[in-house]
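As a plain string of letters, each chain reads:
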Amino acid sequence: MEKNNHYASMKKLILASMILLPLIPFTLTLMIGYSHFTSSIESTTVDSMKRIIGDHRHMIESFLEERKANLEFVLHSYTFEELSQPENLHDIFIRLQKESNAFVDIGVFNEEGVHVAYEGPYKLTGKIYKETDWFIEVMKKDHYVSNIYLGFRQIPHFIIAVVREAEGRKWVIRATIDSYLFNTMVKKVLIGKTGEAYLLNTEGIFQTDRRSGGNFLDTDPDYKKYPAFSLSPEAADIETFIISDIKGDKYLYATTWLKNKKWLLVVRQEKADAFHELRIASYLIIIICLIGGGVIVATAFYLTEKIVSRISQTDTEKGQLQEQLIRAHRLAELGEMAAGFAHEINNPLQIIKSEQSLIEMNLTEMKEKAVLPPSESTEEIADSMKQIKLQIDRCSAITQAILKFGRQSKPVIQDVDLRNFIPEVLNMVAKKASVHGIDVEQKIAQNTPQIHGDPGQLQQVLLNLYNNAIDAVVERHGSQGGKLMIKTGRTDNGKVGIAVTDNGAGISAENQKKIFSPFFTTKPVGKGTGLGLSVCYGIIDSMGGTMTVSSEKGVGTTFTIYLPIA
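For the structure given in this document, a descriptive report is provided here. Model, not experiment: these values are computed from the prediction.

Scanning the protein for helices and strands turns up 12 helices and 16 strands. Contacts in the protein between residues far apart in sequence, at least 24 positions, make up 62% of those at least 6 positions apart. Taken as a whole, the protein presents about 32,200 Å² of accessible surface, with 57% of it coming from carbon and sulfur.

Right under this line is the structure:
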């Protein structure tokens, strides 16, 4: 009753703390958050605009680079004479259009600017372009992308030209790009209801049209307000700003120069449209305040229940640990008692062994002097004496093993020959394994090196592993079908490996993580202290080795010990 009252008082205190304490930071957070919310939304919107214009710039530049690469491939794949043949140029143009339908025509020019070959919808062969700006520029550089212009055809278009020099002469191929297809690609920006994108050249002339007004080759009336035009194109990156256009409408702008520094990409959106989410967010804040208060209360009730329940569970586990410590202490006392019993039994055994040896010696002497003539009874007496000696030796070996295991002394470090040591330890549990129908198999490699350690401690480790394996096998198979295998040998990394494998119940993956923790046990209450494997792990670690476990539920378990070679 007193314990229940203690938990009830604790529950009230935790609940009150969890409801009241969050109110202060919650209120402060709302006040500070609301004051910064507007600037935060604006910053997010601007960042989004920057990301969009950056991605759009990359797309446009990639388009232009790909078209230039198409022309360079053609230029370096054919000679001037081959390109000058109309039928060859026709085939090349067909292949280019399959690559991209943005190509409108293609032409070949000699170094005097004469249009020597042309494939396209216009009659341009023979025209001379030596004095044109684009031809002068491309002869100075290796490539040229023009502004939108009318040219001989008197239709808005732009061209990409590349030049090649070989055998002491230069020639140029030029392709016209579909300005309407390019225009559609540039305008393909969806930002809210009023978002739009367009290109201007360095003089503020539209290179693509603008949805809200602005045709090819018209001058943008607001371009002088753009910060990009007041900076050097080489120094400017993405600029964002808010200005009113010539109609008085406020727009959020983002501008950036393309790689060629000839075209300015502009993305803009009406300010009211760009920050439309700000008003919606304000309403959401009010709703969040109401919901947040409810969540705090509900969470406080839930967590309080969980915390109190966990504390109660911890108290229960603490009591169980205390009981396990008591059982461990009792087991230690039983070990000391067993060692005492073995010592007391060992003395009478030595006397019996001496008397048996005396009787056996007298019988032999009597046979030699013919005092005791040979008979069937004499042979039976001799056999009985041999059996008595055998059982005395067996009892002596058992008591010596118990004394050795139960002896509490400082570790005696010495070389241990595992080829003899492991079978000796295994004999201590061989009878137990046989009773439960467990087939014990030993694979002791003849080249198993000696190790350096305390035999008593190593015996304790192996006995613990053997007994755990037997318990696991019995749990799964009962009294038949069990297998226990002990394997030793030299490992690839220059250590000695000792593997104890069983086909028992196995250990779950979750429990494998905790298997070497003190007081952790998978055995029922009263059958395990949870100290065995943790102590074994500590012993192997003190000997400079490691211990690992590999197990699968319902298949079996392997504990492997790795020890340094002596």
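On we go.
If you check which residues of helix α4 (residues 133-140) are buried, you get Trp134, Phe135, Val138 and Met139. Summarising the axial view, the buried residues of α4 lie within an arc of 130°, below the 170-degree limit, and thus occupy one face. Summarising the geometry of α4, the exposed residues directed more than 90 degrees from the buried face are Asp133 and Lys140.

Taken in spatial order, the four strands of this open sheet run β6-β9-β8-β7, and their pairing is antiparallel. With partners counted over all chains shown, the strands left at the sheet margins are β6 (196-201) and β7 (239-244), one partner each. Within the sheet, the average angular offset between the axes of one strand and its neighbour, ignoring direction, is 30°.

Its 23 residues give helix α10 (residues 455-477) an end-to-end C-alpha distance of 32 Å, which sits within 8% of 33 Å, the value for a rise of 1.5 Å per residue. Of the residues flanking the end of α10, it is Gly478, one or two places downstream, whose phi is positive at about 75°.

In this section: the pairing of strand β15 (residues 546-552). Side chains Met547, Val549 and Ser551 of β15 all project onto a buried face; the interleaved residues Thr546, Thr548, Ser550 and Glu552 project onto a face where none is buried. Note that β15 and strand β16 (residues 556-564) share seven bridges and pair antiparallel. Residue pairing in the sheet places Met547 in a bridge with Ile561 of β16. Adjacent in sequence and paired antiparallel, β15 and β16 are bridged by three residues, among which Gly554 carries a positive phi angle near 80°.

Let's shift gears to the packing of aromatic side chains. Under the definition given, this model contains 20 aromatic pairs. Ring centres of Tyr223 and Phe229 lie 5.1 Å apart, and the angle between their planes is 75°; on these two criteria the pair is classed as edge-to-face. Accessibility expressed as a relative area gives 17% for Tyr223, which makes it buried. Phe229 sits in the partly exposed class, given a relative accessible area of 22%. Considering the side-chain rings of Phe229 and Trp257, the 5.7 Å spacing of their centres and the 70° angle between planes classify their relative orientation as edge-to-face. Of this pair, Phe229 sits in the loop between β6 and β7 while Trp257 sits in strand β8 (residues 250-257), and the two are 28 residues apart along the sequence. For Trp257, a relative accessible area of 4% puts it in the buried group. Stacked on the ring of Tyr129, the Lys or Arg Arg174 has its end atom at 4.9 Å from the ring centre. Just above the ring of Tyr198 sits the side chain of Arg210; from NZ or CZ to the centre is 5.0 Å.

Strand order in this open sheet of five strands is β2-β1-β5-β4-β3, and the pairing throughout is antiparallel. Looking along the sheet, the strands with just one partner apiece sit at the ends: β2 (115-119) and β3 (143-145). In this sheet, neighbouring strand axes are inclined to one another by 15° on average, regardless of whether the strands run parallel or antiparallel. As defined by bridge partners, strand β1 (residues 103-110) adjoins strand β5 (residues 169-177) across seven bridges and the pair is classed as antiparallel.

Turning to the nonpolar core, a few remarks are in order. In this structure, Ile60, Leu64, Leu71, Phe158, Ile173, Phe182 and Trp263 are the most contacted members of the largest nonpolar core, which totals 50 residues. Broken down by element, the residue count for this core peaks at 11 residues, all from helix α1 (residues 2-77). Look past the residues within four positions of Ile173 in its chain and what remains in contact with it is Leu71, Val74, Leu75, Leu83, Gly107, Val108, Ile160, Ala161 and Val162.

With that settled, the discussion passes to a nonpolar patch on the surface. On the surface, Ile280, Tyr283, Leu284, Ile286, Ile287, Ile288, Leu290, Ile291 and Val295 cluster together to form a nonpolar patch covering roughly 910 Å² of accessible area. Among the structural elements, Val295 can be located in helix α7 (residues 276-368).

This next bit is on the pairing of β16. As paired elements, strand β14 (residues 495-502) and β16 share eight bridges and run antiparallel to each other. Across the sheet, Gly497 pairs through a bridge with Tyr562, a residue of β16.

It is worth spelling out the pattern of salt bridges at this point. Under the counting rule described, the total for this entry stands at 13 salt bridges. With a shortest N-O distance of 3.9 Å, Asp55 and Arg51 are connected by a salt bridge. Highlighted residues: Asp55 and Arg51, both in helix α1, separated by four residues, approximately one helical turn. For Arg51, a relative accessible area of 49% corresponds to the partly exposed category. Linking Lys68 and Glu65 is a salt bridge whose minimum nitrogen-to-oxygen distance equals 3.7 Å. Placement of both Lys68 and Glu65 in helix α1 is noted, with a separation of three residues, approximately one turn of the helix.

Further remarks concern unusual backbone geometry. Notably, Glu167 is not glycine yet its phi reads approximately 55°, a positive angle. Along the chain, Glu167 falls in the loop between β4 (158-166) and β5. Owing to a relative accessible area of 78%, Glu167 belongs among the exposed residues under this scheme.

This part covers the packing of helix α9 (residues 418-435) against α10. Packing of α9 against α10 brings their axes to within 10 Å, and their N-to-C directions diverge by 40°. Overall, the two elements α9 and α10 adopt an arrangement that is oblique. Here the hand of the crossing between α9 and α10 comes out right-handed. Facing Leu418, Phe421, Ile422, Val425, Leu426, Met428, Val429, Lys432 and Ala433 of α9, the residues of α10 in contact are Pro455, Leu458, Gln459, Leu462, Leu463, Tyr466, Asn467, Ile470 and Asp471. Each residue belonging to the contact of α9 with α10 can be placed in one class, and the counts come to 14 nonpolar, two polar and two charged.

By secondary structure assignment, the location of Asp105 is in strand β1. Within the structure, the side chain of Asp105 is placed 2.7 Å from the side chain of Thr176, a separation counted as a polar contact. Look past the residues within four positions of Asp105 in its chain and what remains in contact with it is Phe93, Tyr118, Glu119, Gly120, Pro121, Tyr122, Leu124, Arg153, Arg174, Ala175 and Thr176.

So, how was this worked out
- Every chain begins its residue count from 1, and numbering advances along the sequence as written.
- This being a predicted model, a pLDDT of at least 70 is required before a residue's local features are given, and a value of 80 or more before pairs of side-chain atoms are given or counted; all residues contribute to the totals for chains, interfaces and linings.
- Hydrogen atoms and water are omitted, and side-chain values are computed over all heavy atoms in the structure.
- Put simply, DSSP H or I for four residues or longer makes a helix, DSSP E for two residues or longer makes a strand, and each gets a number counted from the N terminus.
- Only heavy atoms matter for contacts: two residues are in contact if any of them lie within 4.5 Å across the pair.
- Per-residue and other accessible areas follow the Shrake-Rupley method at a 1.4 Å probe size, with only the shown protein chains counted as cover for residues.
- Relative accessibility decides the category of a residue: with a 1.4 Å probe and only protein chains considered, values under 20% of the type maximum give buried, values over 50% give exposed, and everything between is partly exposed.
- Note that the arc is computed from the directions linking the helix axis to the C-beta atoms.
- Any two strands with at least two DSSP-identified bridges between them are counted as paired.
- Here an angle of 0 to 180 degrees is reported between the N-to-C directions of two axes, which are lines fitted to C-alpha atoms, with helices fitted over the stretch in contact.
- Given a helix with a known number of residues, its expected span is that number minus one, times 1.5 Å.
- Side-chain rings of Phe, Tyr and Trp (the six-membered ring for Trp) are treated as a pair once their centres are within 6.5 Å; stacked means planes under 30 degrees apart, edge-to-face means over 60, and tilted covers the remaining angles.
- We call a charge positioned above a ring when the Lys NZ or Arg CZ atom is no farther than 6 Å from the ring centre and deviates by at most 35 degrees from the ring normal.
- We define the nonpolar core as a collection of buried residues of types Ala, Val, Leu, Ile, Met, Phe, Trp, Tyr and Cys that are connected through side-chain atoms lying within 4.5 Å of one another.
- Patches draw on residues past 30% relative accessible area with no salt bridge. Two like charges within 9 Å are joined, as are two nonpolar side chains (Val, Leu, Ile, Met, Phe, Trp, Tyr) within 5 Å.
- The rule for a salt bridge is simple: a side-chain nitrogen of Lys or Arg has to be within 4 Å of a carboxyl oxygen of Asp or Glu.
- For classification, angles of less than 35 degrees are called roughly parallel, those exceeding 145 degrees roughly antiparallel, those between 65 and 115 degrees roughly perpendicular, and all remaining angles oblique.
- By convention the crossing between two helices is left-handed if the near helix lies anticlockwise of the far one by an angle smaller than a right angle, and right-handed if it lies clockwise.
- Nonpolar residues are Ala, Val, Leu, Ile, Met, Phe, Trp, Tyr, Cys and Pro. Charged residues are Asp, Glu, Lys and Arg, and all others, Gly as well, are polar.
- Nitrogen and oxygen atoms within 3.5 Å of one another constitute a polar contact, given that in protein one can donate a hydrogen and the other can accept it, and given that sequence-neighbouring residues count only through two side-chain atoms.

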